[in-house]
Every structure is written in structure tokens, then in C-alpha cells.
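Chains, contacts and geometry: an overview
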Amino acid sequence: MAEPGPISVADHLARILDSIEPLGVYDQSLLDAVGLPIAEDVTAPMPLPPFDNSAMDGYAVAFHDVADAAEDHHIHLPVVGEIGAGQSRLVALSPGTAVKIMTGAPVPHGADAVVPYEWTDRGVAHVEISRAPQLGQHVRRAGEDVEKGEVLVSEGTVLGPRHVGLLAAVGRSSVKARPRPRVVVLSTGSELREPGDALAPDSIYDSNSYMLAAAVRAAGGIPYRVGSVPDDAAGFTEALHDQLVRADLVVTSGGVSEGDYDVVKEALRDTGTMWFGKVAMQPGKPQGFGFIGDDEVPILTLPGNPVSSYISFQVFVLPALRRLQGRTPYERPTRTARLTHGFSSPEGREQFVRADYDASVVTPVGGHGSHLLGDLATANALINVPADVTSLTPGDSVQVLLLDEDF
Ligand code: AMP
Ligand code: MG
């Protein structure tokens, strides 16, 4: 049978996004929802401030009683009571009197200004006022900050400390949000050892499971890093199925190319929903996607070369994770930049070139090899070259993905 031709990056991504559903929405306590995109428009159930209150420690007065106060014309008023924050026994102020009031305390009916201590003799039974406030001065009006019914935080907003403060201020203790996706990260390869353990002459450290788990966390997911399993189909299948109970998504690395020990392909080939094939991209050509287990957990099987693995994460896993979170846009946005150095690009394969981006100018960094982790770590961007572009020259305008950008 003829080898099926490669599928485009856009088509592969589209089928991933089309077949993954966002996770269910739950009421989450405010602090648990920090960092999550919320799944409702939150409207104000009450105004802020909820009632007229004092902005200063001083005396609540009727403005017309003190309008003439001045350094050379002190005004005397009897002090008929005192209101601290959280104390509202006194409901109305009679004309010609003053009430001592503390910051945040409700301003009594009949009072329409607060004279701060500093403009008075701080009297207890009587107060002497040496300066006139303006009408309404030092009174925080009910609703001046937030009106009842106003949208406070709109759906999709990733909740941060300031949103949490606002929601608590209007009395919300929880908010509807999707949970963080739980992502099982499993790497394959009999050559892999755990960092911290001893290396044999033919072994290398498992860097992918750490890198992918870190990328999951940066994307708002909860990584479960299983570590590496050897190239043995039965062992891989067992490790995988042990993990499914805690997975909203599984990401594997390695074992999907054309080698003799391509364990992921071998183990999952006969799973009805799995697709394995080539995507017209460089790096990252061999890919796999499907659903496994009774719960049909989505699985993306990435190639094992570290750079291929990382770029596959950025191009396919990150959008899938954001889709699970209901977080748009799914794909990392591209930006236009000017290229400092030219290079050639293979016909028919979309390229993702490691690069250094600064202020709309971009420079390719390092070599082409998919094993070059040192170069990857110094890059902060990927230049995305379309499949039909074969040569780029200095000064060309290109599209770049900024790897550390929040979006
Ligand atoms: P594979 O896709 O399994 O054929 O692996 C391709 C290359 O990537 C080989 O050189 C592997 O040794 C290397 N590799 C695979 N998995 C990892 C990993 N988890 N960490 C570091 N290198 C890996
Ligand atoms: Mg391998």
C-alpha cells in the first residue's frame, strides 16, 4: 500500500481541536480559581461601596451648617454621637449637630460632608471647625465604584488577584470555572535515565518528560510526570493504562517514527481511534493522535527528539490544553518581525525555526538538528515559515511565535 502523504499542520491541529471538548464547569472557591479562565460573566449583585461611608476620621455634618467656616470664623457644633466602622446605631443627623465618624463608617442621613479631624479641635462634646469642606467632601457614595448589575469580570478572563479582590468585595465566595486539565506526561526509550541517577555509556537523561511537564504547568495544566518507560510495548501499555484515571490528556514522547523499537506506535497501532502519520512540518514530522481507555482520554504522541517534542507541544498540545480550559485563542498568536539573516527552507514542510526575537527583529539561532537542546534554551521565539516558502533573505517580514508570551 502506498505511504499516505503528509497532512498539513493546520489540518492536524483542526482535527485535534474539533474532537476535544472543554472540561466541565464547576463552582470553584475564589482562591482555587486563581489562574483559571472563568466560565461565567460575573455581574455585581450589589453596588460598591454598598452604602455612603466616610473617607476620613472626622465629623459628619450638614454642609450648610459649616459652609462658612474659616480660620477667622470658627463654627461650633454639639457632638451628638460617634460612629465607628461596623457600627450604625445612629441613623439620622439633626441639623445643627455633628457626629464623630471613623473611616468606613456609614454616613448618617442628613449628613452630606465629613470634616476631617485636622480641620477641627477634635472636641468630644462640642467641636470647633476652622475650615469648610465642599458639599459631599470625604463621603464615599454608594455605587460610585461599581453599580449593581454591572459586569465585573467577563467570561474567559483568567482570574488574577485584583479580580479575586473585586469578587470578594461584592460577596462572591465562588465562581464558575473549568478545572486545570490534568496531563499525564510519559516518555519512552530504553536509553533514558532519570536525572539524578547514574548514566551508562549508552544512556542519556530523560529531559523531555521534565520539559513537557514544565510546559504543561506554564500552560495552566497540572502535569503528572510519569517519567520514562523502556521500549517494550507491554510495559508501555501497562504504564499508560495505570495513569488514565487521573488524565484529561496524555502526552507521550518518543517511539512514533519508523525505527525498529517504536514502542508507542506498536502498542497503540490497533487502538481504533489512533492515527499515526506524518505532518508536513520540520521539526516534528511523526505525530500521533487519538483517544484511549473507557473514558476516551485524548492522547498526543510526540516525537522523541527534544526540539521536535517541544515544538510539537507548542503547535499541537498547547492549543489542545487551552481548548480543554475553554481558553481562547487556542493557538499562540503570531507576530510580524523583520529577519536579520536569510536561510533556506524545505519545500512542502512548514518550518519552525528557533530564533531570538527582540523589538520586532528576529534572528535565527543555532543549528537545524532536533537534538540541539542548548540552542533551544537560548531561543525565545520560533519563526514560522509556510510550506511553500523555500528561501528567506535578510529584511524579509516573517511570522514569529513568542515562546514566553502570555496570551
Ligand atoms: P525516538 O522518537 O524515540 O526515535 O527518539 C528520537 C531521539 O530523541 C533519540 O535520539 C532519543 O534518544 C531522543 N529522545 C527520545 N526521548 C527522549 C527523552 N525523553 N529525553 C531526551 N531525549 C530523548
Ligand atoms: Mg525512542
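Within each chain, residues carry numbers counting from 1 in the order of the written sequence. Numbering of ligands from 1 and lettering of chains from A proceed in the order in which they are written. Predicted model: local features are reported for residues with pLDDT of at least 70 only, side-chain atom pairs are reported and counted for 80 or more only, and whole-chain, interface and lining totals are derived from all residues. In computing side-chain values, all of the structure's heavy atoms are included and hydrogens and water are not.

1. Points about the packing of aromatic side chains
Put simply, the rule reads: For Phe, Tyr and Trp, where Trp contributes only its six-membered ring, two rings pair if their centres lie within 6.5 Å, and the inter-plane angle classes them as stacked under 30 degrees, edge-to-face over 60, or tilted in between. Going along the chain from the N terminus, every DSSP run of H or I of four or more residues is numbered as a helix, and every run of E of two or more is numbered as a strand. Whether a residue is buried, partly exposed or exposed follows from its accessible area with a 1.4 Å probe, protein chains only, as a fraction of its type maximum: under 20%, in between, or over 50%, in that order.
Applying the stated rule across the entire model yields 2 aromatic pairs. Taking 5.8 Å as the distance between ring centres and 70 degrees as the angle between the ring planes, the aromatic pair formed by Tyr-59 and Tyr-117 counts as edge-to-face. Of this pair, Tyr-59 sits in strand E4 (residues 58–61) while Tyr-117 is found in the loop between strand E7 (113–116) and strand E8 (126–129), placing the two residues 58 residues apart along the sequence. Exposure class is identical for Tyr-59 and Tyr-117. Each is buried.

2. Quick notes on the site of ligand 1
Inclusion rule: Any residue with at least one heavy atom within 4 Å of a molecule or strand is counted as near it. Under the rule applied, a polar contact is a pair of N or O atoms within 3.5 Å (in protein, one hydrogen donor and one hydrogen acceptor; residues adjacent in sequence only if both atoms are side-chain atoms). Surface accessibility follows the Shrake-Rupley procedure with a 1.4 Å probe radius. Residue values consider only the protein chains on display as shielding. Residues are grouped as follows: Ala, Val, Leu, Ile, Met, Phe, Trp, Tyr, Cys and Pro are nonpolar; Asp, Glu, Lys and Arg are charged; every other residue, Gly included, is polar.
Of all residues adjacent to ligand 1, which total 16 residues, the nearest are Glu-191, Asp-206, Ser-207, Gly-255 and Gly-304. One nitrogen or oxygen atom from the main chain of Asn-208 is found 3.3 Å from a nitrogen atom belonging to ligand 1. In this structure, an oxygen atom belonging to ligand 1 sits 3.2 Å away from a main-chain N or O atom of Asn-305. Considered on its own, ligand 1 offers 480 Å² of accessible surface; in the complex 76% of this is hidden by protein. Class assignment of the residues belonging to the shell around ligand 1 gives a composition of 4 nonpolar, 10 polar and 2 charged.

3. Brief notes about a negative patch on the surface
Worth spelling out the cut-off: To count toward a patch, a residue needs a relative accessible area above 30% and no salt bridge. Like charges then connect within 9 Å, nonpolar side chains (Val, Leu, Ile, Met, Phe, Trp, Tyr) within 5 Å. The rule for a salt bridge is simple: a side-chain nitrogen of Lys or Arg has to be within 4 Å of a carboxyl oxygen of Asp or Glu. Here Asp and Glu are counted as negative and Lys and Arg as positive; His is not counted, and neither are the chain ends. A charge is said to be at NZ when it belongs to Lys, at CZ for Arg, at CG for Asp and at CD for Glu.
Together, Glu-144, Asp-145, Glu-147 and Glu-150 give the surface a local cluster of negative charge. In this structure, Glu-147 sits in the loop between strand E9 (139–140) and strand E10 (151–153).

4. Here we look at the domain arrangement of the protein chain
Operational definition: The split of the chain into domains comes from an automatic or database domain assignment.
Taken domain by domain, the protein chain comprises domain 1 (9–23 + 179–325), domain 2 (26–48 + 153–177), domain 3 (53–140) and domain 4 (334–402). Once you take the C-alpha centre of each, domain 2 and domain 3 turn out to be 37 Å apart.

5. Some thoughts on the sheet that holds strand E5 (residues 75–83)
For clarity, the cut-off: When DSSP finds two or more bridges between two strands, those strands count as paired. Inter-axis angles, ranging from 0 to 180 degrees, are taken between N-to-C directions of lines fitted to C-alpha atoms, where helices are fitted over the stretch in contact.
As summarised here, the arrangement of the 5 strands in space is E7-E4-E6-E5-E8, forming an open sheet in which the pairing is mixed. In the strand order of this sheet, the two ends are held by E7 and E8, each with one partner. Averaged over all pairs of adjacent strands, the angle between their axes in this sheet comes to 40 degrees, without regard to strand direction. As judged from the 4 bridges shared by E5 and E8, these two strands associate in the antiparallel manner. The partner of His-76 across the bridge, within E8, is Glu-128.

6. Concerning the pairing of strand E6 (residues 98–101)
Look at any regular strand and the pattern is simple: side chains alternate between the two faces of the sheet. Of the two faces of E6, the one carrying Ala-98 and Lys-100 and the one carrying Val-99 and Ile-101 are both buried. In terms of strand pairing, E5 meets E6 through 3 bridges, oriented parallel. Within E6, the position partnered with Glu-82 by the bridge is Lys-100.

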